[in-house]
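Observations on the three-dimensional arrangement
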Amino acid sequence: NAGVMQNPRHLVRRRGQEARLRCSPMKGHSHVYWYRQLPEEGLKFMVYLQKENIIDESGMPKERFSAEFPKEGPSILRIQQVVRGDSAAYFCASSPPNKGQFPYEQYFGPGTRLTVT
Amino acid sequence: GEDVEQSLFLSVREGDSSVINCTYTDSSSTYLYWYKQEPGAGLQLLTYIFSNMDMKQDQRLTVLLNKKDKHLSLRIADTQTGDSAIYFCAESIGDSSYKLIFGSGTRLLVRP
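Residues numbered from 1 in each chain as written. Chains lettered and ligands numbered in written order. Predicted model: local features only at pLDDT ≥ 70, side-chain atom pairs only at ≥ 80, totals over all residues. Heavy atoms only, no water.

Considering the overall build of chain B
A count of helices and strands for chain B gives 0 helices and 11 strands. Overall, chain B shows an N-to-C arrangement of helices and strands of β-β-β-β-β-β-β-β-β-β-β. Over its C-alpha atoms chain B spans a radius of gyration of 13 Å, differing by no more than 12% from the 13 Å that the globule rule assigns to 112 residues. Projected onto its principal axes, the C-alpha positions of chain B cover 45 × 30 × 20 Å. The long-range fraction of contacts in chain B, counting pairs at least 24 apart against all pairs at least 6 apart in sequence, stands at 57%. Counting every atom, chain B has about 5,400 Å² of accessible surface; 47% of that belongs to carbon and sulfur. (Helix = DSSP H or I, 4+ residues; strand = E, 2+ residues; numbered from the N terminus. Rg over C-alpha atoms; globule rule 2.2 N^0.38 Å. Contact = heavy atoms within 4.5 Å. Areas by Shrake-Rupley, 256 points an atom, 1.4 Å probe, with all protein chains shown as cover.)

A few points about the side chain of threonine 106 of chain B
All names here are of chain B. Inspection of the secondary structure assignment puts threonine 106 in strand S11 (residues 106–111). Relative accessible area serves as the criterion here: at 1%, threonine 106 is assigned to the buried category. Reaching out from threonine 106, the side chain makes a polar contact with the backbone oxygen of serine 7 at a distance of 2.6 Å. Excluding residues that lie within four positions of it along the chain, threonine 106 makes contacts with Gln6, Ser7, Leu8, Phe9, Leu10, Ile20, Ala85, Ile86 and Tyr87. (Buried < 20%, exposed > 50% of the residue type's maximum accessible area, 1.4 Å probe, protein only. Polar contact = N/O pair within 3.5 Å; in protein donor to acceptor, adjacent residues only side chain to side chain.)

Observations regarding the environment of glutamine 59 of chain B
Residue and element names in this part refer to chain B. One can find glutamine 59 in the loop between strand S6 (55–58) and strand S7 (61–66). Accessibility expressed as a relative area gives 75% for glutamine 59, which makes it exposed. Sequence separation between glutamine 59 and isoleucine 76 is 17 residues, and the spatial gap between their C-alpha atoms is 9.1 Å.

Side note on the environment of leucine 64 of chain B
Within the element layout of this structure, leucine 64 of chain B appears in strand S7. With 14 residues separating them in the primary sequence, leucine 64 of chain B and phenylalanine 50 of chain B have C-alpha atoms 11 Å apart.

Some words on unusual backbone geometry
Each neighbour pair has its own omega, and for asparagine 7 of chain A with proline 8 of chain A the value is -5°, a cis peptide bond. Tracing the sequence through the fold places proline 8 of chain A in the loop between strand S1 (5–7) and strand S2 (10–13). Residues other than glycine seldom take positive phi values, yet lysine 70 of chain B does so here, at roughly 55°. Assignment of secondary structure puts lysine 70 of chain B in the loop between S7 and strand S8 (71–76). When its relative accessible area of 24% is taken as the criterion, lysine 70 of chain B is described as partly exposed. Phi at aspartate 78 of chain B takes a positive value of approximately 50°, unusual for a residue other than glycine.

This is how it looks when you write it as structure tokens:
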């Protein structure tokens, strides 16, 4: 069973361009989470999605950032008009459907390191 | 408010025990977690503890939770060079227990 896949692993964008980060959850997982890690900091929650639904986007910046998890295909985190402050590692995690046992055990991908020049 | 704090750095000799500490502020934490991050890699869940427990042991790992002081620790027995990594403490709270709140990580260096 392959783990959580993210691509690209490294992404360089110039200011003003768009960044699209992809996340394929583990097989059988229907919940996806995105976190951002700034240098020397811990991960900060951005958004929680289930298939075709955004459950909680309380950690997403109000502008330029959007996320989706379509019925088919990977989850996408999209950053429009990137700025230098968007440079960070973006981690995706997935979890299986919550069956009331250990809730929300999250398995993390290797991350996408975004550099904005 | 929600805040999780850890010391930044710990250095130990191979074979010794390591103790990594974490404090949190929200008394309504439901679960507390320890994750390990190796260079260039994602986070690996090491262990977790439910907030009504005070200790959990899993092979070389021992987690201690002091709810009164809001203090969590991870003890690694017989530390090996392969344990060198960044260790993150995280908590989840109440109805939003999917939302992990991370500390800034403790970098553990194991000297041969």
